[in-house]
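# Topology and contacts: notes
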Amino acid sequence: MKKYNAIISFVLIIFCYSVGYSQKITTGIYSGVNFSDIQGQDFGGKWESKPGPVQGIYLNWSLGRSFGLQTGLGFSTVYYEHRTTYNPVFYITPSYYNDMMPVYYQTIDKMDFSFMRLPLLLTVSIPSSIQFNMKAGVVFSFLTDHSLGSYYNYSYSVADNIKKNDFGYLFSSGISYPLGDRFRATLNVSYLTGRKKFMDYSNMKHGSSEYTLGIEYEFLKKNKTLKNQNQESDSASKRVTITYYGGLNVSWNPQRVDGKKYLPLAGPALGFSVNIPLSHGSSFISRVSFVRRGYSMKDSSSFFYRYLKDDKPVYAVNTKVQADYAIIPILINIPLGKSQKLYFNTGPWLGLRLNARNTGVAYNVNHSESSYTMQETIIYDDIEKFIKANDVGWAFGCGVSVPVVKNYKVDISLQYSISFKDDFNSSAEGYMQNNSDPGSVIRFRTISLLLGIKIP
C-alpha cells in the first residue's frame with residue numbers, strides 16, 4: 001500500500017509543478033529520411049543500409065518546463081537489400097589450368113515495407129537559446145504495404161506469413177530553434193527497433209535510423225508573469241550547464257586464448273551531458289552517449305568473431321566485431337585546483353546494446369598432390385544474438401574546461417570505462433560452453449577522447 005501511495009504522490013507532485021509553469025500544447029510536422037538497419041539476420045551475405053522516406057505529425061503535452069508526453073502519426077517506407085556473396089575460389093593444378101581461375105558471382109534480393117506508426121513517448125527538454133530534446137518510448141507499427149524479393153516469395157510461403165503489425169522502441173534526440181513567439185524549427189535523429197519477428201522461419205526484426213527536419217507550433221502562448229518566472233528561474237540556474245560533445249574511442253577485449261589476443265578497435269562517440277552543481281564546487285553529471293565498442297582479430301581461428309581454446313583453426317581471419325551502445329552514466333564531478341578548470345569524475349554506467357555486427361575477410365586453404373585451393377570469405381554478419389542486450393560498468397574521467405566567449409567553454413576530456421559483465425552470450429551458439437574457456441568471455445575496456453562545447 002505504501003508503494004502505491006508513493007507513486008500517486010509522485011504523480012501529483014509532477015502535475016503541481018507543471019501547473020506553476022503553465023502546461024503547453026505543441027504540434028508539429030516533420031519529414032526526412034530513414035536508413036534501414038534490419039535486426040536479427042542470419043549469417044551469410046550483407047544487408048545494405050538503404051534510404052527511404054519518413055514523414056508525420058505529432059502532438060506534445062508538456063507536464064512542466066522539462067517533461068512532457070508526445071504522440072502522433074507517422075508514415076515511413078523501409079527498404080531492405082541483401083547481397084548474397086559466393087566467395088572467390090582460386091584453383092591451381094599442374095596440368096589442366098595454366099592460371100588461377102576465379103569463380104565468383106553475387107545475387108541481390110530486396111524487401112520493402114510501408115508502415116503507419118503510432119508512438120507514445122516521454123520527452124525531456126533542456127531549456128536554452130537552442131533547446132535540446134530527448135524522447136524515448138514505444139511505437140506501434142501497422143503494415144500498409146509490402147513487396148518481397150524473388151527468394152522470399154518462393155521460400156517457405158513467406159508471402160503468406162508477413163506480420164501485419166509490430167511493437168518496438170524509439171530513442172530520439174534533437175534540437176529546436178525559435179522562429180518567433182510560437183514557431184520553432186526542429187532537427188531530430190531517431191533510432192527505431194522492432195521487437196517482433198516479421199516473418200515465419202526467420203529471426204529478422206525491423207530496424208531503422210531516422211533523420212528529420214520539421215516545424216512546430218505552440219498553442220498556448222506564455223503570459224508576462226510566466227516570462228518573469230522563467231527569467232528568474234533561468235537566472236538562478238545559470239550554473240547548470242549542458243555539454244555537447246563528440247570524439248573518438250578505442251576499445252578492446254583483454255582476454256587471451258592460447259596465446260592469441262584481441263586487438264583494439266577505434267570507433268566514434270557522441271552525445272551530451274547535463275552538469276548540475278552541488279556543494280564545494282563539485283557537481284552531478286547525467287549523460288547520454290552513443291558509442292561503438294568492439295575489438296579486431298588478426299590470427300587463425302575456426303570462428304570469425306572469437307577465438308576458441310584448443311582450436312584446430314580452419315581460417316586465417318582478419319575481422320572486426322562492432323557493437324553500438326547507448327551509454328547512460330551517473331557521475332560525480334570534482335574540480336581540481338583553485339581555478340577549477342581541471343576536473344576528475346567517476347561513477348557507474350548502464351549500456352544498452354543497439355546493434356552488433358562482424359565484418360572482415362577470412363581465408364581457407366586446401367591442397368593436395370594435384371591441386372591447390374584458396375577460398376576467400378567476405379564477412380558481414382549480424383551477431384546481435386551473441387552480444388548481450390545490456391551491460392554495466394564503471395567510468396573514470398578527467399579533463400579541462402577553457403572559457404572562450406562569455407559563459408561558453410570548450411571542454412576536453414579523457415574517459416576510461418570498464419565492463420563488469422561478460423558480454424558474450426555463449427548459449428546462442430547452440431551448445432553448452434566450457435566456463436573455463438577464455439574465448440567465451442568478452443569484457444570491453446574503452447578509452448575515449450572527447451571534445452565538447454559547454455553552455456549554460
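Quick caveat, the model's predicted, so the values are computed rather than measured.

Of regular secondary structure, the chain possesses 3 helices and 20 strands. Residues classed as buried in the chain amount to 42% of the 456 residues present. When the accessible surface of the chain is split by element, carbon and sulfur atoms take 61% of a total near 24200 Å².

It is worth spelling out the pattern of salt bridges at this point. Across all of its chains, the model carries 8 salt bridges by this definition. Here arginine 293 ties to aspartate 391 by a salt bridge, and the two come within 2.9 Å at their closest N and O atoms. Pair noted here: arginine 293 is in strand β14 (residues 283-301) and aspartate 391 is in strand β18 (residues 390-405), with a separation of 98 residues, a long-range link. Of the two residues, arginine 293 and aspartate 391, neither departs from the other in class, the shared state being buried. A salt bridge links glutamate 384 to arginine 353; its shortest N-O distance comes to 3.4 Å. Here glutamate 384, found in the loop between β17 (372-382) and β18, pairs with arginine 353, found in strand β16 (residues 342-367); they are 31 residues apart in sequence, far enough to count as distant.

Bringing unusual backbone geometry into the picture now. In the Ramachandran plot, aspartate 258 falls in the positive-phi region, its phi being about 50° despite a non-glycine side chain. Since its relative accessible area comes to 48%, aspartate 258 is described here as partly exposed.

What follows deals with the environment of glycine 259. Counting through the fold element by element, glycine 259 comes out in the loop between β11 (256-257) and β12 (260-261). Measuring from C-alpha to C-alpha, the distance between glycine 259 and lysine 309 comes to 9.8 Å, with 50 residues separating the pair along the chain.

So, about the packing of aromatic side chains. Taken as a whole and judged by the stated rule, the model has 21 aromatic pairs. Between phenylalanine 386 and phenylalanine 424, the aromatic rings sit 6.3 Å apart at their centres with planes inclined by 20°, giving stacked as the arrangement. Of the two residues, phenylalanine 386 sits in the loop between β17 and β18 while phenylalanine 424 sits in the loop between β19 (408-419) and β20 (445-455), which places them 38 residues apart along the sequence. An aromatic cluster is built from Tyr262, Tyr295, Tyr307, Tyr325 and Phe444, whose rings are joined through pairwise contacts. Sitting over the face of the ring of tyrosine 58, lysine 135 holds its NZ or CZ atom 5.2 Å from the ring centroid.

Further remarks concern the pairing of strand β10 (residues 241-252). Bridging between β10 and strand β13 (residues 265-277) involves 11 bridges; their strand directions are antiparallel. The residue bridging isoleucine 242 from the neighbouring strand is valine 274, located in β13. Here β10 runs beside β20; their pairing, made up of 11 bridges, is antiparallel. Paired with tyrosine 244 across the two strands is isoleucine 453, which belongs to β20.

What follows covers the pairing of β17. By the bridge criterion, 11 bridges tie β16 to β17 in an arrangement that is antiparallel. Following the sheet pairing, threonine 359 is matched in β17 by tyrosine 380. If you look at the hairpin formed by β16 and β17, you'll find 4 residues sitting between the two strands.

For the rest of this paragraph, the subject is the side chain of threonine 77. Note that threonine 77 resides in strand β4 (residues 67-92). Within polar-contact distance, the side chain of threonine 77 engages the side chain of serine 114 at 3.0 Å. With near-sequence residues (within four places) excluded, threonine 77 lies in contact with Asn34, Gly52, Pro53, Phe113 and Ser114.

Turning next to the environment of serine 190. Considering the arrangement of structural elements, one finds serine 190 in strand β8 (residues 183-197). Considered as a pair, serine 190 and glycine 174 are 16 residues apart in the sequence and their alpha carbons are 8.5 Å apart. Every residue in contact with serine 190, bar those within four places of it in the chain, is listed here: Phe171, Ser172, Ser208, Ser209 and Glu210. A distance of 3.0 Å separates a polar atom in the side chain of serine 190 from a polar atom in the side chain of serine 172.

Conventions used here
Residues numbered from 1 in each chain as written. Predicted model: local features only at pLDDT ≥ 70, side-chain atom pairs only at ≥ 80, totals over all residues. Heavy atoms only, no water. Helix = DSSP H or I, 4+ residues; strand = E, 2+ residues; numbered from the N terminus. Buried < 20%, exposed > 50% of the residue type's maximum accessible area, 1.4 Å probe, protein only. Areas by Shrake-Rupley, 256 points an atom, 1.4 Å probe, with all protein chains shown as cover. Salt bridge = Lys/Arg side-chain N within 4 Å of Asp/Glu carboxyl O. Phe/Tyr/Trp six-rings, centres within 6.5 Å; stacked < 30°, edge-to-face > 60°. Lys NZ or Arg CZ within 6 Å of the ring centre and 35° of its normal. Pairing = 2+ DSSP bridges. Polar contact = N/O pair within 3.5 Å; in protein donor to acceptor, adjacent residues only side chain to side chain. Contact = heavy atoms within 4.5 Å.

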